[in-house]
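The lines below spell out each chain.
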Amino acid sequence: MSEFHRACALSQLPDKGAIGVEVAGVPIAVVRTEGEVYALHDVCSHEEVPLSEGEVYDQTVECWLHGSCFDVRSGKPTGPPATKPVATYPVKIEGDDVLVEL
Amino acid sequence: MSGLQGAVETAPVSRLHEQQSYDPADFAVPSGREEEWRFTPLRRLRSLHSDSGPGDGKVHVVADAGPGVTIEKTEHGDARLGTAYVPSDRVSARAFASFADATVVTVSPNTESAEPTHISVRGESSEGSAFGHILIEVGANARAVVVLEYSGSATFADNVEFVVGDGASLAVVSLQVWGDDAVHLSHHHAQLGRDARLTHTAVTLGGSVVRLAPSVRYAGPGGDAELRGLYFADAGQHLEHRLFVDHAERNCRSRVRYKGALQGDEAHAVWIGDVIIRAAATGTDTYEYNRNLVLTDGTRVDSVPNLEILTGEVAGAGHASASGRLEDQHLFYLMARGIPAAEAKRLVIRGFFGELIGQIEVPELRDRITAAVEAELA
């Protein structure tokens, strides 16, 4: 059964950028861009690199090591070398809490 | 002359195998960006690479000696331990610092052990980490066969030292047939005396993460090492083999032959084959290869042979790596003769591994490994 877990405080998130957290043992990149918050699996599907350490622009997070790009809404790869999507998770904001469902 | 200095390498450019220490504190906690760790899923190592605690996991080592072979249990401080091998990464140093007891297998000089010595390393549970150490010493001109079998469930790091005396011959078969949740990081290091011979066959079929690093160093000329491997990675399994042959003596020979198959989502195999031929190692003859059969989508293979040669006077030096799907023509050939597709696939895979399995020195194991590979395909 999936349920919502607190991932971080909204105030921890940069206006444009990501932080890496671990929720129920799963590494999650919580991303804020253009006023929206998204949650993705925090391991690039290409190599073992946290996406939360990458750069965020528009609807994209770019892995810093080899430049793989992912759409933060769908987790789909939008730029190589990654070819496989990363998991995305539903996000709910309650007050200052960012909740992630998994 | 000074203009030429630096133009000819006299020391290996690779620094990968240089750091050695018995003290875990001498190695930084890997971050995953290091060359030697970049393929390993550190997140799944249950902190073996950082600090997984004192080692309260339960792993039992039971040895059954062949004729003429002595087996002892010893503790830290036994002067024989760690003489041939100095740990070369943090996990290995942690294992050396933390093992509870060590198993020492000795074959007296000039004896021939007719039956294999079996060493079973069996874990009870993946809870808690465990560390081990095994030393196998084969006296001058002796001959022995050792079968190591890792099974059960564990979070385990160990070092195995093989000291093969002058003119001696040792055949090792190491079976990694762990349960699905096991994590195992292991160094198997062999030191070969003058004209000594070693065959080391790694068969890795089970475990969640298995990272095995067989390495060879020659202590005299004329040594001969054959390192063979066979692995089958299923969905979610990470099976990594990191070979290193250090040719520092003249007229030594090495062969590395590893073959693997992968099937299922996130099945991951890593093969690293490092060979250094140092300036003094004239007359070296080395060749290594890795072959991977990719049976389904969603798998991943990283295969990296590295060869550094510091002398022009070699007898032979080469390496090769290839990863690919089953050859359609092979399947077509068999199917055109009335063999159903699934059966044809099994036959081709059997042929692929058969060459390696046929060379295993213990006949009973050949059938067992063939059956285990077929079971993977079922």
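Residues numbered from 1 in each chain as written. Chains lettered and ligands numbered in written order. Predicted model: local features only at pLDDT ≥ 70, side-chain atom pairs only at ≥ 80, totals over all residues.

Quick look at the overall build of chain B
Helix and strand content of chain B: 4 helices and 18 strands. The C-alpha extent of chain B, read off along each of the three principal axes, is 65 × 55 × 45 Å. Burial analysis of chain B (378 residues in total) assigns 44% to the buried set. Contacts in chain B between residues at least 24 apart in sequence constitute 84% of all its contacts with a sequence separation of at least 6. (Helix = DSSP H or I, 4+ residues; strand = E, 2+ residues; numbered from the N terminus. Buried ≥ 20, exposed ≤ 12 C-beta atoms within 10 Å, placed from the backbone. Contact = placed C-beta atoms within 7 Å.)

Focus on the overall build of chain A
Check the secondary structure of chain A and you find 0 helices and 11 strands. Put simply, chain A runs from its N terminus to its C terminus through helices and strands in the order β-β-β-β-β-β-β-β-β-β-β. Scaling as 2.2 N^0.38, a compact globule of 102 residues should have a C-alpha radius of gyration of about 13 Å, and chain A matches this with 12 Å. Looking at the 102 residues of chain A, the share that counts as buried comes to 37%. (Rg over C-alpha atoms; globule rule 2.2 N^0.38 Å.)

Regarding helix 1 (residues 90-98) of chain B
Residues and elements named next belong to chain B. For helix 1, the tally of buried residues reaches 7 of 9 residues, placing the bulk of the element in the interior. If you check which residues of helix 1 are buried, you get R90, V91, S92, A93, R94, A95 and F96. Its buried side turned inward, helix 1 meets strand 5 (129-138), strand 7 (155-164) and strand 9 (183-192).

Examining the domain arrangement of chain B
Residue and element names in this part refer to chain B. The domains assigned to chain B are domain 1 (8-325) and domain 2 (327-378). Distance from the C-alpha centre of domain 1 to the C-alpha centre of domain 2: 26 Å. Facing the 17 residues of domain 1 at the interface are 14 residues of domain 2. Those elements that place two or more of their residues in the side of domain 1 that touches domain 2 are strand 6 (143-152), strand 8 (169-178), strand 10 (197-206), strand 12 (224-233) and strand 14 (253-262). Tallying contributions element by element places strand 10 first for the side of domain 1 that touches domain 2, with 4 residues. Partitioned by chemical class, the residues of the side of domain 1 that touches domain 2 number 11 nonpolar, 2 polar and 4 charged. (Domains from an automatic or database assignment. Nonpolar A, V, L, I, M, F, W, Y, C, P; charged D, E, K, R; others polar.)

What about the packing of helix 2 (residues 328-335) of chain B against helix 3 (residues 341-357) of chain B?
Packed helix pairs are specified by the crossing angle of their axes together with the interaxial distance, meaning the distance between the axes. Residues and elements named next belong to chain B. Following both chains from N to C, one finds helix 2 and helix 3 inclined at 125 degrees, their axes separated by 9 Å at the closest point. As summarised for this structure, helix 2 and helix 3 are arranged oblique, according to the angle between their axes. The element helix 2 and its partner helix 3 pack so that their crossing is right-handed. Judged by residue contacts, H330, L331, L334 and M335 of helix 2 engage A341, A344, K345, L347 and V348 from helix 3. Considering only residue class, the contact of helix 2 with helix 3 consists of 7 nonpolar, 1 polar and 1 charged. (Axes fitted to C-alpha atoms, helices over the stretch in contact; angles between N-to-C directions. Parallel < 35°, antiparallel > 145°, perpendicular 65-115°, else oblique. Left-handed = near helix turned anticlockwise from the far one by under 90°.)

Side note on the nonpolar core
Ranked by size, the top nonpolar core spans 93 residues in total, and within it V138(B), V146(B), L148(B), F162(B), V164(B), L170(B) and L198(B) carry the most contacts. Of all the elements, strand 15 (residues 268-277) of chain B adds the most residues to this core, at 7 residues. If you count residues domain by domain, this core takes at least three from each of domain 1 (8-325) and domain 2 (327-378) of chain B. The contacts of L148(B), once residues within four sequence positions are left out, are I119(B), V121(B), V160(B), V172(B), S174(B) and L175(B). In this structure, A7(A), C8(A), F70(A) and A82(A) belong to the second largest nonpolar core, which totals 27 residues. (Core = buried A, V, L, I, M, F, W, Y, C linked by C-beta atoms within 7 Å.)

Observations regarding the confidence of the model for chain B
Looking at chain B as a whole, the pLDDT averages 94, with 98% of positions reaching at least 70. For this predicted complex, the interface confidence score (ipTM) comes to 0.72, while the overall pTM stands at 0.91. (pLDDT = per-residue confidence, 0-100.)

Observations concerning helix 3 of chain B
Residues and elements named next belong to chain B. Spanning 17 residues, helix 3 covers 23 Å between terminal C-alpha atoms, matching the ideal 24 Å at 1.5 Å per step. Along helix 3, the largest kink reaches about 30 degrees and is centred on G351. In this structure, the buried residues of helix 3 make contact with strand 12, strand 14, helix 2 and helix 4 (363-377). (Expected span 1.5 Å × (residues − 1). Bend = angle between axes of the 7 residues up to and from the residue.)

Thoughts on the environment of R211(B)
All names here are of chain B. Secondary-structure assignment places R211 in strand 11 (residues 209-218). Sequence separation between R211 and H187 is 24 residues, and the spatial gap between their C-alpha atoms is 8.5 Å. Those residues in contact with R211 that sit more than four places away from it in its chain are T40, L185 and E240.

A short note on the sheet that holds strand 9 of chain B
Residue and element names in this part refer to chain B. Pairing is mixed across the open sheet formed by 9 strands, whose spatial order is 2-3-5-7-9-11-13-15-17. Single-partner strands in this sheet number two, and they are strand 2 (69-74) and strand 17 (300-309). Going across the sheet, the axis of each strand differs from the next one's by a mean of 10 degrees, ignoring polarity. Taken strand by strand, helix 1 contacts strand 5, strand 7 and strand 9, and its axis lies near 85 degrees from that of strand 7. (Pairing = 2+ DSSP bridges.)

Here's the deal with the sheet that holds strand 11 (residues 97-101) of chain A
Residue and element names in this part refer to chain A. Strand order in this open sheet of 3 strands is 1-11-10, and the pairing throughout is antiparallel. Of all strands in the sheet, those bounded by a partner on one side alone are strand 1 (4-9) and strand 10 (91-94). Taken pair by pair, the neighbouring strands of this sheet meet at an average axis angle of 30 degrees, ignoring direction. Bridging between strand 1 and strand 11 involves 5 bridges; their strand directions are antiparallel. Of the residues in strand 11, the one forming a bridge with A9 is D97.

Side note on the environment of T370(B)
Residue and element names in this part refer to chain B. Tracing the chain through its elements places T370 in helix 4. On the basis of neighbour counts, which here come to 16 C-beta atoms within 10 Å, the residue T370 falls in the partly exposed class. For the pair T370 and F353, spaced 17 residues apart in sequence, the C-alpha to C-alpha distance is 8.3 Å.

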